[in-house]
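Listed below are the residues making up each chain.
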Amino acid sequence: MSNPKKVKIGLFGFGVVGQGVWKNIAQNRNALEARLGAELAITKIVVRDSARERTVQVPNEIISTDPATILEDPSIDIVCELIGGTSQALEWTKQALKQGKIVISANKALICEHGEELFKLAQENGGHYFYEASVAGGIPIIKTLREALVANRFSLIYGILNGTSNYILTRMEREGISFEATLGDARSLGYVEADEALDLDGIDAAHKVVILAYLAHGKWVALKDILCEGIRSISSDDIKIANELGYKIKLLGIIARDFEQNSLTVRLHPAFISKRETLANVDEVYNGVSVTGDVVGTTVLIGRGAGQDATSSSVISDIADAVSILQGRTSEARFAQDNPLEDSETLELSKPEALESRYYFRFKVKDEEGVLAQISHIMAGHHISFATVKQKELPDGSALIMATTHLTKEALVYSACEAIKNEATVIEAPVYLRIFDSEAYLT
Ligand code: HSE
């Protein structure tokens, strides 16, 4: 289609995000259509249950449970996949791309697992696959990397990419309450995904990290090959000690590129981060991403990482790009989503155990003579040197030893923990967190 005056859009899914797209297009229709020079018409919506009550009212005749009403309608050029999941969404996305349609997705799990295949399919069939809403909700991180920062190579991208975990950590820090107590509130506010592991075990944020790593470095990294740890093991004691030492605890996605070694580190885990870092002060359900490019320096984006309006803002921005392409008003190369910013053929993914970092440890031990010396001895045997040590007596006669270390290797941390947890005086397996230092990547 060239220079269409009316662009037809089909939506798969009419839940929170789908209704947000409808509502916000309607709300800003005049301005949006004037900017795009086209009428935006959502002509079909495919849902699982057409009888379901919805806040946003749409004409009954455009709602259907039959995917063919979108997939077999050649007048629909833009398809928004907003159903989530990786089975039906994959099938319908593939069918739409095979027909050369432009598909827009907020589905980070699908892109993380099948992005390689889907981008290829888009390219082979002259379509496009857009995904601004898949990472950090309303923050325009995809377009920022691809378009605004195209002049750069990225040594470090790190960010807070899961609003639910950030909400829980913020409440724990501000109110000194436990993970479990805060989780209850997060659940009742509807923040936690139906599959809680996505939020609490870091999987949702890891999906987003994988997408950003591909975009910035051209390498599809499998989730199983990266370190992915959530926030379940963090206690209010950890947060209190972090605070005393000048840190906050945040769930961080980290993508670090060593251009000299041609290696890439991709990981997702909670970490101590200095309160001086901008991202340490991104709290509650907000997301933030810090991008360091060799030309621009460090740029930080902060905003709403989830929710109806923020996510639909990103979906609509992809619709706008799709309309531009259909109008022939922009170079397709600019939006070639299947072309990452780097060529990755020889790029090596670093193994998690190769990390060098400072660490924080929490040991729960019997409060007896010589126990601290015993732990120090094992740590020294693994060439791990303590920087700070603090002990807290517990009412049951045990004690928490909370310590930070100087720079060490993750592989040594694994073996030291193995040795320590087998000691008779040690009550629980040690908990450790990495101390993130952005400077370490920028020298
Ligand atoms: N569960 C996600 C979050 C939703 O908390 O950030 C947005 O991807």
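Rules used in this analysis
Residues numbered from 1 in each chain as written. Predicted model: local features only at pLDDT ≥ 70, side-chain atom pairs only at ≥ 80, totals over all residues. Heavy atoms only, no water. Helix = DSSP H or I, 4+ residues; strand = E, 2+ residues; numbered from the N terminus. Rg over C-alpha atoms; globule rule 2.2 N^0.38 Å. Buried < 20%, exposed > 50% of the residue type's maximum accessible area, 1.4 Å probe, protein only. Contact = heavy atoms within 4.5 Å. Areas by Shrake-Rupley, 256 points an atom, 1.4 Å probe, with all protein chains shown as cover. Lys, Arg positive; Asp, Glu negative; His and termini not counted. Charge placed at Lys NZ, Arg CZ, Asp CG, Glu CD. Near = heavy atom within 4 Å. Polar contact = N/O pair within 3.5 Å; in protein donor to acceptor, adjacent residues only side chain to side chain. Nonpolar A, V, L, I, M, F, W, Y, C, P; charged D, E, K, R; others polar. Pairing = 2+ DSSP bridges. Axes fitted to C-alpha atoms, helices over the stretch in contact; angles between N-to-C directions. Phe/Tyr/Trp six-rings, centres within 6.5 Å; stacked < 30°, edge-to-face > 60°. Salt bridge = Lys/Arg side-chain N within 4 Å of Asp/Glu carboxyl O. Expected span 1.5 Å × (residues − 1).

Asks: How should the overall build of the chain be read in this particular structure?
Replies: When you go through the chain residue by residue, the secondary structure sums to 14 helices and 18 strands. At 24 Å, the chain has a C-alpha radius of gyration in line with the 22 Å of a compact globule built from 443 residues. Judged by the C-alpha coordinates and their principal axes, the chain covers about 80 × 50 × 35 Å. Taken across its 443 residues, the chain has 56% of its residues classed as buried. A separation threshold of at least 6 residues defines the contact pool for the chain, and within that pool the share at least 24 residues apart is 74%. Surface summary for the chain: the accessible area is close to 18,800 Å², and the carbon and sulfur share equals 48%. Within the chain, one finds 45 positive and 60 negative side-chain charges whose respective centroids are separated by 4 Å.

Asks: Explain the site of the ligand to me, please; I cannot follow it from the model alone.
Replies: As a structural note, the neighbourhood of the ligand is formed by Lys-108, Asn-162, Gly-163, Thr-164, Glu-193, Asp-199, Asp-204, Lys-208, Gly-305 and Ala-306. One of the side-chain nitrogen or oxygen atoms of Thr-164 is found 2.6 Å away from an oxygen atom of the ligand. In the environment of the ligand, an oxygen atom lies 2.8 Å from a nitrogen or oxygen atom belonging to the side chain of Lys-208. When the free accessible area of the ligand is taken as 260 Å², the share hidden by the protein chains comes to 87%. Here the shell around the ligand is composed, by residue class, of one nonpolar, four polar and five charged.

Asks: What should I look at first to understand the sheet that holds strand β5 (residues 102–105) in this one?
Replies: In a beta sheet, neighbouring strands pair by backbone hydrogen bonds and run either parallel or antiparallel. Across the sheet, six strands lie side by side as β3-β2-β1-β4-β5-β6; this open sheet has parallel pairing. Each edge of the open sheet carries a strand with a single partner, namely β3 (63–64) and β6 (128–130). Running over the sheet, helix α5 (residues 108–124) touches β4 (76–81), β5 and β6 and is turned about 155 degrees from β6.

Asks: Explain the packing of aromatic side chains to me, please; I cannot follow it from the model alone.
Replies: Where two aromatic rings form a pair, the distance of their centres and the angle of their planes describe that pair. The full count for this structure, using the stated rule, is 16 aromatic pairs. An angle of 5 degrees between the planes, with centres 5.4 Å apart, marks the rings of Phe-361 and Phe-363 as stacked. Note on Phe-361: relative accessible area 0%, which makes it buried. The class of Phe-363 is buried, set by a relative accessible area of 0%. These aromatic residues form a ring-pair network of at least three members: Phe-119, Tyr-129, Tyr-131, Tyr-214 and Trp-220.

Asks: Would you explain the pattern of salt bridges in this entry?
Replies: A pair can form between side chains of opposite charge whenever their charged atoms are brought close. Considering all chains together, one arrives at 29 salt bridges under this definition. Residues Asp-185 and Arg-171 are paired through a salt bridge, measuring 2.7 Å at the closest nitrogen-oxygen approach. Residue Asp-185 is found in helix α8 (residues 179–188), and its partner Arg-171 is found in helix α7 (residues 163–175); the two are separated by 14 residues along the sequence. Using a relative accessible area of 17% as the deciding quantity, one classes Arg-171 as buried. Overlapping salt bridges bring together Glu-173, Arg-174, Lys-248, Lys-250, Asp-283 and Glu-284 as one network.

Asks: I tried to follow helix α12 (residues 308–327) on my own but got confused; where do I start?
Replies: In this model, α12 (20 residues) spans 28 Å end to end at C-alpha, consistent with the 28 Å of a helix rising 1.5 Å per residue. Counted residue by residue, α12 has 16 buried out of 20 residues, so it is predominantly covered.

Asks: Is there a simple way to think about the environment of Leu-301 in this case?
Replies: Note that Leu-301 resides in strand β12 (residues 297–304). Taking the relative accessible area as the measure of exposure, Leu-301 reaches 13% and is therefore buried. Considered as a pair, Leu-301 and Ile-70 are 231 residues apart in the sequence and their alpha carbons are 35 Å apart. Dropping the residues within four chain positions of it, Leu-301 is found in contact with Ile-139, Pro-140, Ile-141, Thr-144, Asn-287, Gly-288 and Val-289.

Asks: What's the story with the side chain of Thr-425 in this structure? I'm lost.
Replies: Relative to the helices and strands, Thr-425 resides in the loop between α14 (410–421) and β18 (431–436). The exposure class of Thr-425 is buried, given its relative accessible area of 13%. Among all residues touching Thr-425, those that are not within four sequence positions of it are Val-365, Lys-366, Glu-368, Val-371 and Gln-374.

These figures come from the coordinates and say nothing about function on their own.
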